[in-house]
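# Examining the three-dimensional arrangement
Listed below, chain by chain, are the residues.
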Amino acid sequence: MKIRKYLASNMKEGMMRVKKDLGMEAVILYSRKVRRKGLRGFFTPKQMEIIAAFDPKSKESSSNGAILKKVSEKDQEISAMAEQLNELKDQISEISTVASINDDEEPSSKIVTKKKSSAYWRSYLEHHDLDPTLLEEVFGEAEADAAKPGRMSHARMAEILRAKVAAKINITNGCGSRTQIFIGPTGVGKTTTLAKLAARFSLQNQEKVGLITIDHYRIGAVEQLRSYSEIMDLPLEVVMNPQDLFKVMMRLEACDRILIDTAGRSTGNKEQLDDLGSYLDMLQPADIHLVLSATTRRQDVNYIAECFKPLKYNRLIVTKLDETNAYGTVINSAYYTKMPLVYLTDGQRVPEDLKPASEVDLAGLLWRAR
Ligand SMILES: Nc1nc2c(ncn2[C@@H]2O[C@H](COP(=O)(O)OP(=O)(O)OP(=O)(O)O)[C@@H](O)[C@H]2O)c(=O)[nH]1
Ligand SMILES: [Mg+2]
């Protein structure tokens, strides 16, 4: 505590000096009128004597306290406002996400919050029937990548996601083994795809191609392949039981490439699958292609992949891309089976409608960049 004495001509002047000297928090302890000392004091007006006190600690704490109180009140107001703003942003984001997807609007140039961009693309990829676990993996990785501060465009987020999706798919190119087998559910396009490849190998690559069918179950199955073999002038062998395979393979010994068609098997029928397995065992080593249609539902792709697993397929072909607008199956099938995707087909024309998977931007399919 500081205590000081002031002499002034009047109280007003004295108070001004006290405030100037000790500050606004100074306390007046005592004041009185006094004469100046000495002879002069009898001839001049009386003066005002003021005793003032001031505690520097109390000034600091009281002023700091007041400031802190004000600051914390302001902080509370600001965080309440921020919370309301965030809620509003989320609501707007949800509304605009649904609206954009329903409108089928191209949002790539929009600069938005990362949260909004993630929400947009999540709904978008869900529409493509992408597997939820795969979706979580991809978004987890993409959001970690996009964790830098600042906003981003839908296009940039799409780019990050696209790279993440692409990294999940295994693709193989090249011509593969001499013996190539095509298995899968009924009607997915096994025979048609085999014919497209036969044309590619014999006409484009100038290879000697031999065809075998072990589909003698369905009426017309042999005739279907025979007509392709006649058009392309390729030898065709029909095998009725696994024991015949050895002789047939010997007859086609001079061929560079042997393509083997199988009967579409009912996915849940273990007996049929075991029967097919007894043929495949005789044909190793071979590329065994699991053929799936892009129009198959996600849950069924997983079921088919599991049921056909005992047949030890080691490659994937996805057909009928022209018949769907949701390309999740292409990605899901590679993700579920962990097998490399080798060809895609997108039409009935033989041999045109076939593309090596390595030539297609598979993740880009989801963004319609086919
Ligand atoms: N739109 C479209 N149709 C296709 C495609 N591939 C095959 N198809 C058609 O699908 C139908 C069935 O084709 P197949 O090749 O006989 O199918 P599969 O798997 O051999 O059938 P099964 O031997 O009976 O099991 C035919 O009408 C083909 O023309 C494709 O990529 N797009
Ligand atoms: Mg067939």
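The present account deals with the structure reproduced in this document. In this text, all values refer to a predicted model and were calculated from it rather than measured experimentally. (Residues numbered from 1 in each chain as written. Chains lettered and ligands numbered in written order. Predicted model: local features only at pLDDT ≥ 70, side-chain atom pairs only at ≥ 80, totals over all residues. Heavy atoms only, no water.)

### As for the overall build of the protein
From N to C terminus, the protein includes twelve helices and 13 strands. Residue pairs at least 24 apart in sequence account for 73% of intrachain contacts in the protein once pairs closer than 6 positions are excluded. A total of about 20,300 Å² of accessible surface is found on the protein, and carbon and sulfur atoms cover 53% of it. (Helix = DSSP H or I, 4+ residues; strand = E, 2+ residues; numbered from the N terminus. Contact = heavy atoms within 4.5 Å. Areas by Shrake-Rupley, 256 points an atom, 1.4 Å probe, with all protein chains shown as cover.)

### Section: the environment of A363
Counting through the fold element by element, A363 comes out in helix α12 (residues 362-365). Assessed through its relative accessible area of 2%, A363 is described here as buried. It is 9.1 Å that separates the C-alpha atoms of A363 and Y327, two residues lying 36 residues apart in sequence. Every residue in contact with A363, bar those within four places of it in the chain, is listed here: R162, V165, A166, I169 and I331. (Buried < 20%, exposed > 50% of the residue type's maximum accessible area, 1.4 Å probe, protein only.)

### Some points on the sheet that holds strand β7 (residues 209-213)
Across the sheet, eight strands lie side by side as β8-β7-β9-β6-β10-β11-β12-β13; this open sheet has mixed pairing. The two strands at the open ends of the sheet, each matched to only one other strand, are β8 (236-238) and β13 (354-356). Strand-to-strand twist across the sheet, computed as the mean angle between neighbouring axes with direction ignored, equals 20 degrees. Here strand β6 (residues 179-183) runs beside strand β10 (residues 287-293); their pairing, made up of four bridges, is parallel. Counterpart to I181 in the pairing with β10 is I288. Together, β10, β11 (315-319) and β12 (341-345) form the strand contacts of helix α11 (residues 328-337), whose direction differs from that of β11 by roughly 160 degrees. (Pairing = 2+ DSSP bridges. Axes fitted to C-alpha atoms, helices over the stretch in contact; angles between N-to-C directions.)

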